[in-house]
Amino acid sequence: MNQKRLVLSGNEAIARGAFESGVKVASAYPGTPSTEILENLSQYREIQAQWAPNEKVALETAMGASFGGARALVVMKHVGVNVAADPLFTLSYTGLRGGLVLVTADDPEMHSSQNEQDNRNYAKFAKVPMLEPSDSQEAKDFTLTAFEISEAFDTPVMLRTTTRVSHSKSIVVQEEPKTPPVRPELVKDPGKFVMLPANARKRHPVVEKRMKDLAAFAETFPGNRIEWGDRKVGIITSGISYQYAKEVYPQASYLKLGMVHPLPAGMIRSLAEKVETLFVVEELDPFIEDQIRAMGIAVKGKEAFPLCGELNPNLAEKGLKGIDALRPNEPIQGLPPRPPILCPGCPHRGIFSILSKLKLFVTGDIGCYTLGFLPPLSAIDTCVCMGASIGHALGLGKALGPEALGKVVAVIGDSTFLHSGITSLLNVVYNKGAVTLIILDNRTTAMTGRQDHPGTGFTLQGDETTQVDLIKLVKALGVKHVKQVNPYRLAETEKVIKREANRSEPSVIISRAPCVLSRRDRSAFGEAYQADPEVCRGCRSCLRIACPAIEWITEEGADREGRKRKGRASIDPSLCNGCSLCAQICKFGAIGEGHAK
Amino acid sequence: MRNNSVTNILLVGVGGQGIIVASEIMADTFLEAGYDVKKSEVHGMAQRGGSVSTHVRFGPKVFSPLIKEGETDILVAFEELEAMRYLHYLGPKPTVILNEQRLNPPSVSLGKDRYPENIADSLSRSAARFKKIAGKDLALRTGDIRTLNIVLLGAVSSFLPVAEAIWTENILRRFPPKAHKANLEAFQLGRKA
């Protein structure tokens, strides 16, 4: 067999595992930390790897493939499962034909998320088995195992990663792909796939029996193993927490769980009976701990480890041994923070500088533009979930009545609008909301690393496809007032925003300019701008657009006319790409096109 | 208590400086040199000019992909302020490689915060071995400023028990042929600095 050792991320390993499993169809919506799985799968032309507009559609597509007898993979970040939950819960009832694996990539610590929900709860809630790898080799192996379990038990299988498994790299042995045991064909089986009440009532007991069978299987599943060591301390753990515990307490006895739902009660009892103190090391919820307590077994868990945020080897050591790390140096307090920031030349900057200037209440959404929240722009007032900006604006308008007119706008990205904004905008039209929606159309899914979507004209695998026309789409929903603006023209854009915000009917402004990092639409900028030290008055207006290329230089001085100033603006030519916003904002004409980069 | 057979390398800096590529070459190199290796960083929002840190660990057997605070053997700081942000990760006898470059974070650009002074001095006091690298100047000598990360990789390579040929082979594998010359030169400039 052709074997090759590579250093792979958990995400790359899952993609490899899906390929080796003979997956035929894979669907996902991008979301950190899951995005790279489909990106890596897209290299295999024998697999139909696709971006879906949202996670619900992605799962339904995978279900169709599975009902047709093909192995199917569906991938999403933790909050994506909320969107896909509707089909998931009933898929648990229908079961399937080709194996179906749903990857949920959770984000403890919220490195790039709005909450840190623990999706192990979904496995219990939807009554489906869940595997949890602790490194990249397991990420690959468990993907293969998940397909086998899926077909053997006629159930979808969830594969849960966390950011530290998805984005850490470790050594993986690659193998050749296998041919799945099932073959794609059309087979009618309405009793199984048509979930009318009469059929669903018959399927529910099947689900309950399946969970019992899976609990028995968990006792012999090789991914669950006891590692005997010192009998003073026993540790039950899974996923990345296993690695942290092994790092700081290698000599303890372990029950290392590869399957976190259902749990192997027998193995848990065998370990518990033979050790003096039993710990559960797990991130976020006491998911395993609560079930062990319900078995009547004494265990130390959340009294020793935090409920919030991710674990790390320091927290594992503190919880298991009660000792703090020995650090020759303490963390330095008060260092200037370095948060992520809108790129130089970002098309969102112009819009947010206007919204900030007009002091509007801005209902926001999920994407790069959420960074418009940060000072000095400070121009996002709500951000909760994909598509929520539109509903928030409608609800605010209905609650406040005419008082809200001219004071509220909603902003949403193109990809987010297509994900879950369309029905919300339909609701605005239907319920006669005076909502003004700005669609920040940068022609990509920027925050997750620039993925294609139905508005870009390209598929994940690089094929040209039909491109949705946003103007026609919003008009078809019944919006009568639709304006397209160039966000690099500040005065014009400001005028449009003011006018539309004061309209008592639904209106949409499409701010259209490609992401500056776009590979496809290289923007026309080029020449860096320069702030003339002879002309700059030190008024700081240009700093308010939060461009990383503009720097304040504190130095007492004066301009050419001898007007005193406390400092001046300076533009870093290696960062500036000549978008011209600062030049438009400067009232004194101090900024202009400078030397070529 | 710590597992002394594992070497902990922490790379810190700012999104866009090429830290992740450098750490990937490192991980591939350790694999080829026969070690177990793990590395970890967070993607996503980090690419928007934010603070970036990558943990690389190698040895006979590595469990955690994250380094414990107080146990970093080698710190490679691509940017001065970022070195200070991770000072508590330094072990008792660390090697510190500092790229002499200051990139202002937004609050400093806005004139609200001051960029800390005397960073090199305080770092050298915490380090058993300390090396300053004029990374930007060296990278410019290759004709491509983007080779900064490979200059720093060269600098750290001189402290690591891996044959030079394995390093250069993994650097070549990472880049298209037209970038080979500049990156090999960058590696040598860093290694000899």
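The structure this text deals with has already been given above.
Rules behind the numbers
- Residues numbered from 1 in each chain as written.
- Chains lettered and ligands numbered in written order.
- Predicted model: local features only at pLDDT ≥ 70, side-chain atom pairs only at ≥ 80, totals over all residues.
- Helix = DSSP H or I, 4+ residues; strand = E, 2+ residues; numbered from the N terminus.
- Rg over C-alpha atoms; globule rule 2.2 N^0.38 Å.
- Buried ≥ 20, exposed ≤ 12 C-beta atoms within 10 Å, placed from the backbone.
- Contact = placed C-beta atoms within 7 Å.
- Nonpolar A, V, L, I, M, F, W, Y, C, P; charged D, E, K, R; others polar.
- Pairing = 2+ DSSP bridges.
- Core = buried A, V, L, I, M, F, W, Y, C linked by C-beta atoms within 7 Å.
- Domains from an automatic or database assignment.
- Axes fitted to C-alpha atoms, helices over the stretch in contact; angles between N-to-C directions.
- Left-handed = near helix turned anticlockwise from the far one by under 90°.

1. Describing the overall build of chain A
Thought 1: What chain A contains, in helices and strands, is 20 helices and 22 strands.
Thought 2: At 27 Å, chain A has a C-alpha radius of gyration in line with the 25 Å of a compact globule built from 597 residues.
Thought 3: Judged by the C-alpha coordinates and their principal axes, chain A covers about 85 × 65 × 55 Å.
Thought 4: Here chain A holds 597 residues, and the buried ones make up 53% of them.
Thought 5: Look at the contacts in chain A between residues 6 or more apart in sequence, and 75% of them connect residues 24 or more apart.

2. Quick word on the overall build of chain B
Thought 1: Scanning chain B for helices and strands turns up eight helices and six strands.
Thought 2: Dimensions of chain B, computed from C-alpha atoms along their principal axes, come out at roughly 50 × 45 × 30 Å.
Thought 3: Out of the 193 residues in chain B, the part that is buried amounts to 55%.
Thought 4: Taking as baseline every contact in chain B between residues at least 6 positions apart, the subset at least 24 positions apart corresponds to 66%.

3. Things to note about the interface of chain A and chain B
Thought 1: Between chain A and chain B, the contact holds 46 residues from the first and 45 residues from the second.
Thought 2: Sorting the residues of the side of chain A that touches chain B by element identifies β1 (4–9), α7 (163–166), β8 (168–174), α10 (239–248), α13 (313–321) and β20 (550–558) of chain A as the ones contributing at least two each.
Thought 3: Among the residues forming the side of chain A that touches chain B, the class breakdown is 24 nonpolar, 13 polar and nine charged.
Thought 4: One ladder, built from three bridges, connects β8(A) with strand β2 (residues 36–40) of chain B; its direction is antiparallel. When the bridges of β2(B) are listed, A:Ser168 appears paired with B:Ser40.

4. Considering the nonpolar core
Thought 1: Counting 145 residues, the largest nonpolar core has A:Ala26, A:Ala28 and B:Leu152 as the members making the most contacts within it.
Thought 2: Built from parts of two domains, this core gets at least three residues from each of domain 1 (4–218) and domain 2 (225–321) of chain A.
Thought 3: Beyond its immediate chain neighbours, meaning those up to four positions away, B:Leu152 contacts B:Ala22, B:Val76, B:Phe78, B:Ile97, B:Asn99, B:Ile133, B:Gly135 and B:Gly190.

5. A word on the sheet that holds strand β10 (residues 230–238) of chain A
Residue and element names in this part refer to chain A.
Thought 1: Strand order in the open sheet formed by four strands is β9-β11-β10-β13, with mixed pairing between adjacent strands. Each having just a single partner strand, β9 (225–227) and β13 (277–281) make up the two edges of the open sheet. For this sheet, the mean angle separating the axes of adjacent strands, direction not counted, is 20°.
Thought 2: Here six bridges tie β10 to strand β11 (residues 252–257), and the two strands are oriented parallel to one another. In the strand pairing of β11, Gly234 is matched with Ser253.

6. Describing the environment of A:Tyr44
Residues and elements named next belong to chain A.
Thought 1: With respect to the helices and strands, Tyr44 occurs in the loop between α2 (36–41) and β3 (48–51).
Thought 2: Among the residues examined, Tyr44 registers 17 C-beta atoms within 10 Å and is labelled partly exposed.
Thought 3: Taking the C-alpha atoms as reference, Tyr44 lies 35 Å from Leu311; in sequence the two are 267 residues apart.

7. A closer look at helix α1 (residues 10–20) of chain A
Residues spaced three or four apart along an α-helix face the same direction, because each turn holds 3.6 residues.
Residue and element names in this part refer to chain A.
Thought 1: Along α1, ten of the eleven residues are buried, which leaves the element largely enclosed by surrounding structure.
Thought 2: The set of residues buried in α1 consists of Gly10, Asn11, Glu12, Ala13, Ile14, Ala15, Arg16, Gly17, Ala18 and Phe19.
Thought 3: After α1 finishes, the residue Gly22 shows a positive phi value of roughly 80°.

8. Some details on the sheet that holds strand β4 (residues 72–77) of chain A
Residue and element names in this part refer to chain A.
Thought 1: What the seven strands build is an open sheet, ordered β3-β2-β4-β5-β7-β6-β12; its pairing is mixed. Each edge of the open sheet is held by one strand with a lone partner, namely β3 and β12 (259–261).
Thought 2: Bridge count between strand β6 (residues 130–131) and β12: two bridges; the pairing is antiparallel. Bridge assignment links Met130 to a residue of β12, and that residue is His261.
Thought 3: Packing against the sheet, helix α4 (residues 78–94) makes contact with β4 and β5 (100–106), and its axis sits at approximately 135° to β4.

9. Considering unusual backbone geometry
Residues and elements named next belong to chain A.
Thought 1: Residue Pro262 is bonded to the preceding His261 through a cis peptide linkage, with omega at -5°.
Thought 2: Here Pro262 lies in the loop between β12 and α11 (265–274).
Thought 3: In this model, Pro375 is joined to Pro376 through a cis peptide bond whose omega is 5°.
Thought 4: Locating Pro376 in the fold gives a position in the loop between β14 (361–363) and α15 (388–400).

10. Here's the deal with the packing of helix α7 (residues 164–174) of chain B against helix α8 (residues 180–192) of chain B
Any two packed helices are characterised by the angle at which their axes cross and by the distance between the axes.
Residue and element names in this part refer to chain B.
Thought 1: Closest axis-to-axis distance for the α7/α8 pair is 10 Å, and the angle between their directions is 145°. When the axes of α7 and α8 are compared, the crossing they make is right-handed. Each of Trp167, Thr168, Ile171 and Leu172 in α7 lies in contact with α8, whose residues at this interface are His180, Asn183, Leu184 and Phe187.
Thought 2: When grouped by side-chain class, the residues that make up the contact of α7 with α8 number five nonpolar, three polar and no charged.

11. Thoughts on the pairing of β13(A)
Residue and element names in this part refer to chain A.
Thought 1: With four of its five residues buried, β13 lies for the most part within the structure.
Thought 2: As paired elements, β10 and β13 share five bridges and run parallel to each other. Note that in β13 the partner of Thr237 across the bridge is Val281.

12. Side note on the environment of B:Tyr35
All names here are of chain B.
Thought 1: Looking at the element boundaries, Tyr35 is found in the loop between α1 (19–32) and β2.
Thought 2: Tyr35 gets classed as buried once you count the C-beta atoms within 10 Å, which come to 20.
Thought 3: In sequence terms Tyr35 and Leu75 are 40 residues apart; their C-alpha atoms lie 20 Å from each other.

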